[in-house]
Amino acid sequence: MSVKERLRKSVLERVVRGEISLVLASEQLGLSYRQMRRVMRRYRMEGDAGLVHCSRGRASSRRRPEAFREKVLGMCRDTLQGMGPTLAAEKLSQWGLEVDHETLRRWLVADGQWQRRRKRGRHRQRRERKARFGEMVQFDGSHHAWFGPEHPPCCLMNLVDDATGISQGWMAGQETTEAAMRSVWRWVERYGIPASLYTDRKNVYVTDRPPTLEEQLAGEAPLTAFGAACKKLGIALITAHSPQAKGRVERKHAVYQDRLVHELRLSSITTIDGANTVIDDDFDAHVNQLFAYEPRNPNDAHRPVPPALDLRDVFCFDETRTVAKDWTVSHHGQTYQILRLNSPLPKPGHKGLVRTWLDGSLHVLYRGH
């Protein structure tokens, strides 16, 4: 008997002994007088069994057939192995097997394929989300065995908008400067220039080197190549001092490590290029459809890319070099001759800028030419 039924039994026993009236008993149990008479009549006829609900122990009329249940559990055991109930229910629905994720969770727990997980207490929100889309974008790399334990780990460069939760992923071998540039480049081409980026203190984003003489004279702080690219676009770099500070992108890593790993396994993809194709085709769009939401302020904080600006000259590596007396510049062990036909022609001892695009091509600039 349940607690409610044992309570009814104690009150009905007092009625039988004549200690209280049926009217007072109905008030104590919160029942109408007519319902109390029915409960009392059944208790006199059947005893304690009359207090137990008649539907207890009977199978629900909405119960799924046992064959359907075994088919679903078999697919979870083989094809969908390791997926959580929610994601597995989504995949099953795509294959014509409709089952609620809570029903599937109970089936998996009973079958030993899933363990009950204690819910964590709700995390206190210390900082309110930004109001506008593009006001701040959190940026971080997620190192994980994306193609399974038999393959080496790779890094997913993930950008998550603070106001809307809209995310964009891009797979790379490591969290390098080039990978960071290519990721932000794709975001700028798709949405525009964000107002700020929220990153960790990895040396890809910030540097602790002392400033050069030129930087000291100009009153500028030392920048990495990625920081210089952001400065060209007017993107403010904000650094976090703990993973919890940029918790939105950290939690989005967990979403990708759960869903993307299974998506790649189901598609038999084991290459970085193949993973990026999956992400670009529909994976990011599906994740954003599920987890993104409307910002408090509908005005977009992104700025359009100026028409005359070539993003290849933004996301690049710039290094200053001195022109030698024979009109050559040296760069990474190579010597390049500056031809007389160039105008303006730099003089020996003048400074030139050697710019390397992400496609590997080299460009020498003097006074903007």
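Please read all numbers here as calculations on a predicted model, not as lab measurements.

The rules behind the values
Residues numbered from 1 in each chain as written. Predicted model: local features only at pLDDT ≥ 70, side-chain atom pairs only at ≥ 80, totals over all residues. Heavy atoms only, no water. Helix = DSSP H or I, 4+ residues; strand = E, 2+ residues; numbered from the N terminus. Buried < 20%, exposed > 50% of the residue type's maximum accessible area, 1.4 Å probe, protein only. Polar contact = N/O pair within 3.5 Å; in protein donor to acceptor, adjacent residues only side chain to side chain. Contact = heavy atoms within 4.5 Å. Salt bridge = Lys/Arg side-chain N within 4 Å of Asp/Glu carboxyl O. Core = buried A, V, L, I, M, F, W, Y, C linked by side-chain atoms within 4.5 Å.

Trainee: Give a detailed account of the side chain of His-302, specifying residues and quantitative values.
Mentor: Mapped onto the secondary structure, His-302 falls in the loop between α11 (272-291) and β6 (316-322). Using a relative accessible area of 10% as the deciding quantity, one classes His-302 as buried. Here Trp-187 takes part through its side chain, which lies 3.0 Å from a polar atom of the side chain of His-302. Only 2.8 Å separates the side chain of His-302 from the side chain of Asp-300, close enough to count as a polar contact. Here His-302 is in contact with Phe-133, Gly-134, Trp-187, Tyr-191, Gly-192, Ile-193 and Pro-194, once residues within four sequence places are set aside.

Trainee: Pulling in residues and values, what's your account of the pattern of salt bridges?
Mentor: Per the stated rule, a full pass over the model turns up 24 salt bridges. Glu-70 is the partner of Arg-69 in a salt bridge, and the nearest nitrogen-oxygen pair spans 3.6 Å. Taking the shortest distance from any N to any O, the salt bridge between Arg-77 and Asp-111 comes out at 2.8 Å. Of this pair, Arg-77 sits in helix α4 (residues 66-77) while Asp-111 sits in helix α6 (residues 101-111), placing them 34 residues apart in sequence. The exposure class assigned to Arg-77 is partly exposed, which follows from its relative accessible area of 39%.

Trainee: Any details on unusual backbone geometry? Residues and values, ideally.
Mentor: In the segment running from Ser-343 into Pro-344, the intervening peptide bond is cis, with an omega of 0 degrees. Non-glycine residue Ser-268 carries a positive phi angle of around 55 degrees. With respect to the helices and strands, the residue Ser-268 is situated in the loop between α10 (247-266) and α11. Its relative accessible area of 63% is what places Ser-268 among the exposed residues. A positive phi is found at His-332, a non-glycine position, where the angle reads about 50 degrees. His-332 gets classed as exposed once you look at its relative accessible area, which sits at 62%.

Trainee: Kindly report on the environment of Pro-152, identifying the contributing residues and their values.
Mentor: Position of Pro-152 among the secondary structure elements: in the loop between β1 (137-144) and β2 (154-161). Pro-152 gets classed as exposed once you look at its relative accessible area, which sits at 58%. The sequence separation of Pro-152 and Gly-173 amounts to 21 residues, and the corresponding C-alpha distance is 9.3 Å.

Trainee: Tell me about the nonpolar core, residues and numbers included.
Mentor: Phe-139, Val-184, Leu-197, Phe-226, Leu-233 and Phe-315 are the most contacted members of the largest nonpolar core, which has 29 residues in total. Contributing elements (two or more residues each) for this core: β1, β2, β3 (167-172), α7 (177-191) and α9 (225-233). The element best represented in this core is α7, accounting for seven residues. Grouped together as the second largest cluster of nonpolar side chains are 18 residues, Met-75, Ala-88, Trp-107 and Val-109 included.

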